[in-house]
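Coordinates in review
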Amino acid sequence: MNIIDIINKTKKSQELNEEEISWLVNGYTNGDIPDYQMSAWLMAVCLNGLTEKETFALTAAMRDSGEILHLDIPFTVDKHSTGGVGDKTSLIIGPIAAACGVCMAKMSGRGLGHTGGTIDKLESIEGYRTDLSLSEFEAILKKTGFSIISQSVEFCPADKKMYALRNATGTVDSIPLICASIMSKKLAMNADCLVLDVKYGTGAFMKTKEDAEKLAVLMEKAGKSAGKKCKAVVTDMNTPLGKNIGNALEVKEAVELLQGKSKGKLYDVCIELAADLLELAGKGTNAECRKMAEDAVSSGKALGVLRETIKLQGGNEKICDDTSLLPKPLLKYEIRATKGMKILGFNCEELGMTSLLLGAGRLNKTDKIDMSAGIVMNCDVGDQLAADDIIMTLYSTVCSDFSDAAVRALNAVKFEITEKPSYT
Ligand code: URA
């Protein structure tokens with residue numbers, strides 16, 4: 001086998017076999033194939049695509065490039081979202097699944113750029129440890145059925161290297177490559193059932209619903225071809241998921257939802273995803289599973305799971321009863337309407353960047369974040385606002401000058417009148 005033949009085959013849209021793909025991935029991961037030749041192959045994939053068979057072989061080869069998680073738990077489920085703004089669904093769906101008798105074992109990442117990360121959100125809870133050993137992780141899962149920790153072992157080194165190269169060579173936006181990148185990491189987590197939430201819109205990786213649907217179908221097939229029960233759903237990220245964006249603010253909203261205090265788009269998405277997971281886990285029909293998920297919230301059982309897990313991970317579980325114990329921002333800034341205006345939509349990527357400017361996110365992996373910072377949306381798409389009504393409120397402790405964030409926040413609002421709202 002040689003790399004020139006492999007590049008030429010993909011350039012001519014000739015299908016590679018499993019051995020060739022595995023040889024390519026291993027050769028690149030161990031340094032035998034240099035960046036320039038891998039870049040040429042990745043560009044050929046961007047231009048010509050891969051067949052489904054090739055995509056599944058690439059996914060498996062990337063999964064097998066590192067460790068595969070083997071927990072001492074008979075049956076686990078996992079969910080993955082392709083990344084969004086204000087997405088706190090894991091904090092809600094995990095406790096719901098566990099309350100219904102299905103164990104959710106999840107390893108998550110930190111936020112980078114305009115999207116947040118579940119680990120950062122959880123670390124806004126005083127004392128909460130995400131760096132647990134695998135045996136501590138298993139012990140909590142056995143007690144509560146739900147735990148989220150940060151990744152300690154290196155899974156999928158092939159993806160780490162290939163993703164960095166794709167970022168540097170304009171080869172990120174290829175559906176087969178995105179599928180293999182995400183699914184190799186998810187399959188290395190080795191859960192029995194997997195629900196994938198593929199987002200589209202201004203705050204998402206996939207900008208159009210059509211592309212998100214193509215990616216969702218391919219990811220679901222990749223999961224099934226690897227022997228997992230798998231379902232992919234497509235959800236809208238043209239508006240933030242829920243009202244709060246930012247670490248402690250999102251934990252607060254998740255807790256309030258589990259307290260039964262709020263319904264709406266966030267609740268609907270969480271119930272839908274939880275029902276899909278429960279159905280995959282064999283708990284009943286989708287309608288029965290939806291009812292179970294709703295009951296887990298209304299009975300307070302899911303909140304009970306979250307409370308117990310937070311306690312076992314060293315966090316202050318009292319936040320489940322009193323969210324004012326979460327980090328509080330020292331400063332706030334209201335963006336108000338100057339006159340009557342109709343809200344047509346939001347640019348979620350801009351909202352994510354606003355939140356980052358306020359201190360809630362990071363541009364570089366080593367940046368420190370302000371757990372109290374973020375945005376509360378005070379209106380929704382379709383709302384008619386009168387003069388002086390609040391559009392959104394910006395919060396921060398570290399950012400004393402709100403002017404850059406306010407400009408960015410205003411850019412994120414699409415509205416119907418010609419005059420723009422002013423800052424207060
Ligand atoms: N997220 C990933 O992990 N990989 C991609 O290729 C795109 C988004």
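Computed from a predicted structure; not experimentally measured.

Thresholds applied
Residues numbered from 1 in each chain as written. Predicted model: local features only at pLDDT ≥ 70, side-chain atom pairs only at ≥ 80, totals over all residues. Heavy atoms only, no water. Helix = DSSP H or I, 4+ residues; strand = E, 2+ residues; numbered from the N terminus. Rg over C-alpha atoms; globule rule 2.2 N^0.38 Å. Buried < 20%, exposed > 50% of the residue type's maximum accessible area, 1.4 Å probe, protein only. Contact = heavy atoms within 4.5 Å. Areas by Shrake-Rupley, 256 points an atom, 1.4 Å probe, with all protein chains shown as cover. Lys, Arg positive; Asp, Glu negative; His and termini not counted. Charge placed at Lys NZ, Arg CZ, Asp CG, Glu CD. 1 Å grid on protein atoms, 1.4 Å probe; cavity = no way out; pocket = protein on both sides within 12 Å on 5 of 7 lines; lining within 4 Å. Points joined across faces, edges and corners; volume = space filled by probe spheres on them. Nonpolar A, V, L, I, M, F, W, Y, C, P; charged D, E, K, R; others polar. Pairing = 2+ DSSP bridges. Axes fitted to C-alpha atoms, helices over the stretch in contact; angles between N-to-C directions. Left-handed = near helix turned anticlockwise from the far one by under 90°. Near = heavy atom within 4 Å. Polar contact = N/O pair within 3.5 Å; in protein donor to acceptor, adjacent residues only side chain to side chain. Sits in = over half its atoms within 2 Å of the grid points. Salt bridge = Lys/Arg side-chain N within 4 Å of Asp/Glu carboxyl O. Domains from an automatic or database assignment. Buried area = accessible area lost by both parts, 1.4 Å probe. Parallel < 35°, antiparallel > 145°, perpendicular 65-115°, else oblique.

1. Description of the overall build of the chain
From N to C terminus, the chain includes 16 helices and 12 strands. Rg of the C-alpha trace for the chain: 22 Å, near the compact-globule value of 22 Å for 424 residues, within the 12% margin. Scored against the burial criterion, the 424 residues of the chain give a buried share of 55%. Summarising the internal contacts of the chain: among those between residues at least 6 apart in sequence, 77% fall at separations of at least 24. Carbon and sulfur atoms make up 50% of the accessible area of the chain, which amounts to about 17,500 Å² in all. Computed over 50 positive and 57 negative side-chain charges, the separation of the two mean positions in the chain equals 2 Å.

2. Points about the layout of surface pockets
Roughly 1,800 Å³ of volume is contained in the largest pocket. Lining the largest pocket we find 49 residues, and of these His80, Gly109, Arg110, Tyr163 and Lys185 sit closest to its centre. Put simply, the parts of the chain that give the lining of the largest pocket at least two residues each are strand E1 (76–81), helix H5 (89–99), strand E2 (103–108), helix H6 (118–123), helix H8 (157–169) and helix H9 (175–189). Class assignment for the residues of the lining of the largest pocket results in 14 nonpolar, 21 polar and 14 charged. Roughly 530 Å³ of volume is contained in the second largest pocket. The wall of the second largest pocket is formed by 30 residues, among which Gly242, Lys243, Asn244, Glu253 and Val376 lie closest to the centre. Of all the elements in the fold, those that place two or more residues in the lining of the second largest pocket are helix H11 (247–258), helix H12 (265–280) and strand E9 (374–377).

3. Things to note about the sheet that holds strand E10 (residues 384–385)
Taken in spatial order, the three strands make up an open sheet running E10-E8-E12, and their pairing is antiparallel. What marks the edges here is a single partner per strand, and that holds for E10 and strand E12 (413–415).

4. Section: the packing of H5 against H11
Two elements in contact, H5 and H11, have axes separated by 9 Å at closest approach and are oriented at 35 degrees. Between H5 and H11 lies a crossing whose hand is right-handed. Between H5, through Leu91, Ile92, Pro95 and Ile96, and H11, the contact on the second element is made entirely by Val251, Ala254, Leu257 and Leu258. By residue class, the composition of the contact of H5 with H11 is eight nonpolar, no polar and no charged.

5. With respect to the site of the ligand
The environment of the ligand is formed by Tyr163, Arg166, Ile178, Ser181, Ile182, Lys185 and Phe205. Take Ser181: an N or O atom from its side chain is 2.6 Å from a nitrogen atom of the ligand. Between Lys185 and the ligand, the recorded distance is 2.4 Å, taken from a side-chain N or O atom to an oxygen atom. Surface burial for the ligand is 88%, taken as the share of its 240 Å² of free accessible area covered by protein chains. Mapping the ligand onto the cavity grids shows that it belongs to the largest pocket. No other element matches the four residues that H9 contributes to the shell around the ligand. Looking at side-chain class alone, the shell around the ligand contains four nonpolar, one polar and two charged residues.

6. Brief notes about the pattern of salt bridges
A complete count under the given rule lists 27 salt bridges for this structure. Note that Arg408 is salt-bridged to Glu350, the shortest N-O span being 3.1 Å. Here Glu350 lies in helix H15 (residues 348–357) and Arg408 lies in helix H16 (residues 403–411), a separation of 58 residues in the sequence. For Glu350, a relative accessible area of 17% puts it in the buried group. Sharing partners across several salt bridges, the network here consists of Arg110, Asp120, Glu123 and Arg362.

7. Considerations on the environment of Ile343
You can see Ile343 is positioned in strand E8 (residues 341–346). Along the primary structure Ile343 and Leu385 are separated by 42 residues, whereas in three dimensions their C-alpha atoms are 7.7 Å apart. Leave out the neighbours within four places in its chain, and Ile343 touches Cys379, Asp380, Val381, Gly382, Asp383, Leu385, Val413 and Lys414.

8. Notes on the domain arrangement of the chain
Interface size is often expressed as the accessible area that is lost when the parts come together. Per the domain assignment, the segments making up the chain are domain 1 (3–63), domain 2 (76–157 + 167–320) and domain 3 (329–417). Between domain 1 and domain 2, the C-alpha centre-to-centre distance is 30 Å. Both faces combined, the contact of domain 1 with domain 2 buries some 1,400 Å², and carbon together with sulfur accounts for 78% of it. In terms of surface lost to domain 2, no three residues of domain 1 exceed Phe56, Thr59 and Arg63, which account for 36% of the buried area on that side. Here domain 1 is connected to domain 2 by one salt bridge. Of the charged contacts in the structure, one is a salt bridge between Glu52 and Lys221, with a shortest N-O distance of 2.8 Å. Between domain 1 and domain 2 we count one residue pair in polar contact (both at pLDDT 80 or more) in total. For the side of domain 1 that touches domain 2, the secondary-structure elements that each account for two or more residues are helix H3 (35–48) and helix H4 (52–63).

9. Regarding the packing of helix H1 (residues 3–11) against helix H2 (residues 18–29)
H2 packs onto H1 with a crossing angle of 120 degrees between their chain directions and a minimal axis gap of 11 Å. Classified by the interaxial angle, the pair formed by H1 and H2 is oblique. Classified by chirality, the crossing of H2 by H1 is left-handed. When H1 is examined against H2, the residues Ile3, Ile6 and Lys9 are found in contact with a partner set consisting of Glu20, Trp23 and Leu24. In terms of residue class, the contact of H1 with H2 is built from four nonpolar, no polar and two charged.

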